[in-house]
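Residue-level listing of the chains:
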Amino acid sequence: MHTFILACILYPKWIPHAQREIDAIVGEDRIPSFKDRSRLPYVEAIVRETLRWRPAGRFGVPHQSTADDVVEYKGIEYFIPKGSILFAVSWAIEHDQEIFEHHDLFQPDRFLDDTNNLKAGYETTIFTVCPGMPFAERSLWINIAMMLWTFNIGKSDEPDPKTGLPFRYDDGDSAFHGEFASGPLKFPAVFKPRSAHRAEVARQEWAVCEKDLNVLLPQYKEH
Ligand code: HEM
(Lines give C-alpha, C1' and ligand atoms only; values in the text may rest on other atoms or scores of the structure.)
Protein backbone atom coordinates (compact mmCIF):
# COMPACT_ATOMS: atom_id res chain seq x y z
CA MET A 1 0.00 0.00 0.00
CA HIS A 2 2.95 2.34 0.68
CA THR A 3 4.17 1.73 -2.87
CA PHE A 4 0.72 2.61 -4.21
CA ILE A 5 0.63 5.83 -2.16
CA LEU A 6 4.09 6.82 -3.38
CA ALA A 7 2.95 6.22 -6.97
CA CYS A 8 -0.09 8.49 -6.37
CA ILE A 9 2.30 11.25 -5.29
CA LEU A 10 4.97 10.84 -7.96
CA TYR A 11 2.85 9.81 -10.98
CA PRO A 12 -0.65 11.25 -10.36
CA LYS A 13 -1.76 11.52 -14.03
CA TRP A 14 -3.91 8.37 -14.02
CA ILE A 15 -5.83 9.23 -10.82
CA PRO A 16 -8.71 11.25 -12.43
CA HIS A 17 -9.37 8.36 -14.85
CA ALA A 18 -9.44 5.86 -11.98
CA GLN A 19 -11.72 8.04 -9.84
CA ARG A 20 -14.11 8.67 -12.75
CA GLU A 21 -14.44 4.92 -13.28
CA ILE A 22 -15.00 4.20 -9.58
CA ASP A 23 -17.53 7.04 -9.24
CA ALA A 24 -19.48 5.86 -12.31
CA ILE A 25 -19.94 2.38 -10.83
CA VAL A 26 -20.10 3.09 -7.08
CA GLY A 27 -21.73 6.52 -6.92
CA GLU A 28 -21.30 8.89 -3.97
CA ASP A 29 -23.39 7.24 -1.30
CA ARG A 30 -21.48 4.07 -0.45
CA ILE A 31 -17.85 2.93 -0.45
CA PRO A 32 -16.67 0.34 -3.02
CA SER A 33 -17.09 -3.35 -2.18
CA PHE A 34 -15.97 -6.63 -3.73
CA LYS A 35 -19.21 -6.88 -5.65
CA ASP A 36 -17.91 -3.98 -7.81
CA ARG A 37 -14.67 -5.78 -8.70
CA SER A 38 -15.65 -7.19 -12.09
CA ARG A 39 -16.84 -3.75 -13.21
CA LEU A 40 -13.69 -1.87 -12.19
CA PRO A 41 -10.92 -3.05 -14.52
CA TYR A 42 -8.97 0.15 -13.97
CA VAL A 43 -8.53 -0.65 -10.26
CA GLU A 44 -7.36 -4.13 -11.29
CA ALA A 45 -4.75 -2.48 -13.54
CA ILE A 46 -3.58 -0.27 -10.65
CA VAL A 47 -3.11 -3.34 -8.43
CA ARG A 48 -1.15 -5.03 -11.18
CA GLU A 49 0.98 -1.93 -11.84
CA THR A 50 1.70 -1.52 -8.11
CA LEU A 51 3.04 -5.08 -7.96
CA ARG A 52 5.01 -4.60 -11.19
CA TRP A 53 6.47 -1.12 -10.64
CA ARG A 54 8.19 -1.81 -7.33
CA PRO A 55 7.80 -5.56 -6.59
CA ALA A 56 7.61 -6.24 -2.87
CA GLY A 57 9.60 -9.45 -3.32
CA ARG A 58 12.29 -8.26 -5.73
CA PHE A 59 14.32 -11.44 -5.99
CA GLY A 60 11.69 -14.11 -5.44
CA VAL A 61 12.60 -16.99 -3.14
CA PRO A 62 15.27 -19.63 -3.80
CA HIS A 63 14.34 -22.95 -5.37
CA GLN A 64 16.55 -25.99 -5.95
CA SER A 65 16.33 -28.15 -9.08
CA THR A 66 15.75 -31.84 -8.35
CA ALA A 67 17.07 -33.13 -11.72
CA ASP A 68 19.30 -32.07 -14.62
CA ASP A 69 17.28 -29.93 -17.01
CA VAL A 70 17.55 -27.85 -20.17
CA VAL A 71 15.62 -24.61 -20.39
CA GLU A 72 15.14 -22.65 -23.61
CA TYR A 73 15.06 -18.86 -23.41
CA LYS A 74 14.97 -16.58 -26.47
CA GLY A 75 16.26 -19.30 -28.75
CA ILE A 76 19.16 -20.32 -26.50
CA GLU A 77 19.23 -23.54 -24.48
CA TYR A 78 20.62 -23.44 -20.94
CA PHE A 79 21.72 -26.54 -19.03
CA ILE A 80 20.62 -26.44 -15.37
CA PRO A 81 22.42 -29.15 -13.37
CA LYS A 82 20.55 -30.99 -10.62
CA GLY A 83 20.94 -29.19 -7.28
CA SER A 84 21.16 -25.66 -8.77
CA ILE A 85 19.73 -22.84 -6.70
CA LEU A 86 17.33 -20.84 -8.85
CA PHE A 87 15.63 -17.48 -8.38
CA ALA A 88 12.82 -16.11 -10.55
CA VAL A 89 13.93 -12.49 -10.13
CA SER A 90 10.69 -10.51 -10.02
CA TRP A 91 12.39 -7.19 -10.65
CA ALA A 92 13.95 -8.40 -13.92
CA ILE A 93 10.69 -9.99 -15.08
CA GLU A 94 8.56 -6.96 -14.25
CA HIS A 95 11.02 -4.46 -15.75
CA ASP A 96 11.68 -6.29 -19.02
CA GLN A 97 11.97 -3.36 -21.41
CA GLU A 98 10.83 -5.46 -24.38
CA ILE A 99 7.49 -6.00 -22.65
CA PHE A 100 7.04 -2.88 -20.50
CA GLU A 101 7.62 0.39 -22.34
CA HIS A 102 8.76 3.18 -19.98
CA HIS A 103 9.22 0.39 -17.47
CA ASP A 104 10.21 2.71 -14.62
CA LEU A 105 7.06 4.84 -14.81
CA PHE A 106 3.84 4.01 -12.99
CA GLN A 107 1.29 3.63 -15.80
CA PRO A 108 -1.71 1.40 -15.01
CA ASP A 109 -3.06 1.98 -18.54
CA ARG A 110 -0.38 -0.36 -19.88
CA PHE A 111 -2.60 -3.26 -18.81
CA LEU A 112 -5.76 -1.99 -20.54
CA ASP A 113 -6.79 -2.22 -24.18
CA ASP A 114 -8.52 0.45 -26.29
CA THR A 115 -11.92 -0.51 -24.87
CA ASN A 116 -10.67 0.00 -21.28
CA ASN A 117 -10.71 -3.73 -20.57
CA LEU A 118 -7.81 -5.73 -19.14
CA LYS A 119 -5.46 -7.02 -21.82
CA ALA A 120 -5.10 -10.80 -22.07
CA GLY A 121 -2.16 -12.03 -20.00
CA TYR A 122 -2.10 -9.00 -17.71
CA GLU A 123 -1.80 -11.23 -14.64
CA THR A 124 1.31 -10.88 -12.56
CA THR A 125 4.10 -13.38 -13.22
CA ILE A 126 5.71 -13.03 -9.80
CA PHE A 127 2.89 -14.96 -8.21
CA THR A 128 3.48 -18.20 -10.08
CA VAL A 129 4.36 -19.99 -6.87
CA CYS A 130 3.07 -17.54 -4.26
CA PRO A 131 0.25 -19.15 -2.27
CA GLY A 132 -0.60 -15.72 -0.82
CA MET A 133 -1.70 -14.42 -4.23
CA PRO A 134 -5.48 -14.37 -3.74
CA PHE A 135 -5.13 -12.75 -0.32
CA ALA A 136 -2.57 -10.15 -1.48
CA GLU A 137 -4.47 -9.17 -4.64
CA ARG A 138 -7.83 -8.94 -2.91
CA SER A 139 -6.51 -6.83 -0.05
CA LEU A 140 -4.70 -4.47 -2.44
CA TRP A 141 -7.81 -4.21 -4.61
CA ILE A 142 -10.24 -3.28 -1.84
CA ASN A 143 -7.86 -0.86 -0.11
CA ILE A 144 -6.94 0.93 -3.35
CA ALA A 145 -10.59 1.17 -4.45
CA MET A 146 -11.67 2.56 -1.06
CA MET A 147 -8.78 5.04 -0.85
CA LEU A 148 -9.37 6.42 -4.34
CA TRP A 149 -13.11 6.70 -3.68
CA THR A 150 -12.61 8.54 -0.40
CA PHE A 151 -9.44 10.62 -0.76
CA ASN A 152 -7.27 12.74 -2.94
CA ILE A 153 -3.75 11.69 -2.03
CA GLY A 154 -0.93 14.18 -2.43
CA LYS A 155 2.43 15.51 -1.32
CA SER A 156 2.93 17.05 2.08
CA ASP A 157 4.21 20.64 2.13
CA GLU A 158 5.62 20.19 5.62
CA PRO A 159 9.42 20.40 5.76
CA ASP A 160 11.45 17.25 6.25
CA PRO A 161 12.25 17.26 10.02
CA LYS A 162 15.76 15.91 9.24
CA THR A 163 16.79 18.74 6.88
CA GLY A 164 14.21 21.51 7.40
CA LEU A 165 13.82 21.53 3.58
CA PRO A 166 10.80 20.37 1.57
CA PHE A 167 10.60 16.56 1.59
CA ARG A 168 12.35 15.06 -1.45
CA TYR A 169 10.09 12.32 -2.85
CA ASP A 170 12.08 9.60 -4.56
CA ASP A 171 11.31 6.26 -6.22
CA GLY A 172 14.92 5.18 -6.74
CA ASP A 173 16.60 2.24 -5.04
CA SER A 174 17.84 4.30 -2.10
CA ALA A 175 14.24 5.28 -1.25
CA PHE A 176 13.31 1.60 -0.66
CA HIS A 177 14.20 -0.76 2.19
CA GLY A 178 14.82 -4.45 2.29
CA GLU A 179 16.07 -7.15 -0.01
CA PHE A 180 13.70 -10.02 0.64
CA ALA A 181 10.57 -7.92 1.23
CA SER A 182 10.93 -4.41 -0.08
CA GLY A 183 8.88 -1.21 0.35
CA PRO A 184 9.38 2.54 0.37
CA LEU A 185 11.15 4.18 3.29
CA LYS A 186 8.96 6.40 5.44
CA PHE A 187 7.54 9.41 3.56
CA PRO A 188 4.82 11.96 4.38
CA ALA A 189 1.51 12.05 2.47
CA VAL A 190 -1.67 14.09 2.69
CA PHE A 191 -5.08 12.42 2.46
CA LYS A 192 -7.86 14.94 1.75
CA PRO A 193 -11.45 13.64 1.67
CA ARG A 194 -12.83 14.28 -1.82
CA SER A 195 -15.94 15.83 -0.22
CA ALA A 196 -17.49 16.24 3.22
CA HIS A 197 -20.21 13.80 2.12
CA ARG A 198 -17.68 11.10 1.21
CA ALA A 199 -15.90 11.56 4.54
CA GLU A 200 -19.22 11.14 6.35
CA VAL A 201 -20.16 8.02 4.33
CA ALA A 202 -16.76 6.46 5.14
CA ARG A 203 -17.19 7.27 8.86
CA GLN A 204 -20.70 5.78 8.88
CA GLU A 205 -19.58 2.59 7.12
CA TRP A 206 -16.76 2.19 9.64
CA ALA A 207 -19.17 2.75 12.55
CA VAL A 208 -21.55 -0.01 11.46
CA CYS A 209 -19.18 -2.61 9.95
CA GLU A 210 -18.36 -5.82 11.80
CA LYS A 211 -14.92 -5.55 13.47
CA ASP A 212 -14.87 -8.73 15.56
CA LEU A 213 -12.68 -11.38 13.88
CA ASN A 214 -14.47 -14.09 15.84
CA VAL A 215 -17.65 -13.15 14.00
CA LEU A 216 -16.03 -12.37 10.63
CA LEU A 217 -13.81 -15.42 10.11
CA PRO A 218 -16.46 -18.15 10.50
CA GLN A 219 -18.53 -16.38 7.80
CA TYR A 220 -15.66 -16.75 5.31
CA LYS A 221 -14.87 -20.35 6.27
CA GLU A 222 -18.27 -21.31 4.88
CA HIS A 223 -17.29 -20.20 1.31
C1 HEM B 1 1.85 -8.21 -2.16
C2 HEM B 1 2.07 -9.30 -1.46
C3 HEM B 1 2.97 -10.42 -1.90
C4 HEM B 1 3.97 -10.44 -2.82
C5 HEM B 1 4.48 -9.30 -3.69
C6 HEM B 1 4.52 -11.79 -2.83
C7 HEM B 1 5.53 -12.20 -3.65
C8 HEM B 1 6.08 -13.47 -3.64
C9 HEM B 1 7.17 -13.90 -4.48
C10 HEM B 1 7.88 -13.03 -5.50
C11 HEM B 1 7.42 -15.19 -4.19
C12 HEM B 1 8.50 -16.06 -4.78
C13 HEM B 1 8.12 -16.67 -6.07
C14 HEM B 1 9.26 -17.50 -6.59
O15 HEM B 1 10.33 -16.97 -6.84
O16 HEM B 1 9.11 -18.70 -6.72
C17 HEM B 1 6.51 -15.59 -3.14
C18 HEM B 1 6.49 -16.82 -2.56
C19 HEM B 1 5.75 -17.14 -1.46
N20 HEM B 1 4.76 -16.37 -0.88
FE21 HEM B 1 4.24 -14.49 -1.47
N22 HEM B 1 3.85 -12.55 -1.92
C23 HEM B 1 2.90 -11.75 -1.33
C24 HEM B 1 1.99 -12.12 -0.37
C25 HEM B 1 2.02 -13.33 0.29
C26 HEM B 1 1.12 -13.70 1.37
C27 HEM B 1 0.00 -12.80 1.88
C28 HEM B 1 1.48 -14.95 1.75
C29 HEM B 1 0.89 -15.83 2.82
C30 HEM B 1 -0.28 -15.64 3.35
C31 HEM B 1 2.60 -15.38 0.92
C32 HEM B 1 3.24 -16.58 1.03
C33 HEM B 1 4.26 -17.02 0.21
C34 HEM B 1 4.95 -18.31 0.33
C35 HEM B 1 4.69 -19.38 1.39
C36 HEM B 1 5.88 -18.37 -0.72
C37 HEM B 1 6.86 -19.52 -1.03
C38 HEM B 1 6.23 -20.48 -2.00
C39 HEM B 1 7.15 -21.60 -2.42
O40 HEM B 1 8.20 -21.35 -2.98
O41 HEM B 1 6.80 -22.73 -2.18
N42 HEM B 1 2.89 -14.37 0.04
N43 HEM B 1 5.70 -14.52 -2.83
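Residues numbered from 1 in each chain as written. Predicted model: local features only at pLDDT ≥ 70, side-chain atom pairs only at ≥ 80, totals over all residues. Heavy atoms only, no water.

Concerning the coordination of the iron atom of the ligand
Quick reminder of the rule: Distances decide who is a donor: an N, O or S atom must be within 2.8 Å of the metal, or within 3.2 Å for Na, K and Ca. Water is not included, so sites may look incomplete. Numbering of helices and strands runs from the N terminus; a helix is a DSSP stretch of H or I covering at least four residues, while a strand is a stretch of E covering at least two.
One donor from the polypeptide reaches the iron atom of the ligand: Cys130 (SG), at 2.3 Å. By the secondary structure assignment, Cys130 is in the loop between helix H4 (90-94) and helix H5 (133-150).

A few points about the environment of Asp113
The line we're drawing: The criterion used for residue contact is that any of the two residues' heavy atoms lie within 4.5 Å. Pairing of N or O atoms within 3.5 Å defines a polar contact, subject to two protein rules: one partner must be a possible hydrogen donor and the other a possible acceptor, and residues neighboring in sequence count only if both atoms are side-chain atoms.
Structurally, Asp113 is set in the loop between H4 and H5. Leave out the neighbours within four places in its chain, and Asp113 touches Leu118 and Lys119. At 2.7 Å, the side chain of Asp113 forms a polar contact with the side chain of Thr115.

Focus on unusual backbone geometry
Definition in use: The buried label goes to any residue with under 20% of its type's maximum accessible area, the exposed label to any with over 50%, and the partly exposed label to all in between, with areas taken from a 1.4 Å probe on protein chains only.
Even without a glycine there, the phi angle at Lys74 is positive, about 50 degrees. Within the fold, Lys74 resides in the loop between strand S2 (69-73) and strand S3 (76-80). Backbone geometry at His102 places phi at a positive 45 degrees, although glycine is not the residue there. Residue placement: His102 occurs in the loop between H4 and H5. On the accessibility criterion, His102 (47% relative accessible area) is partly exposed.

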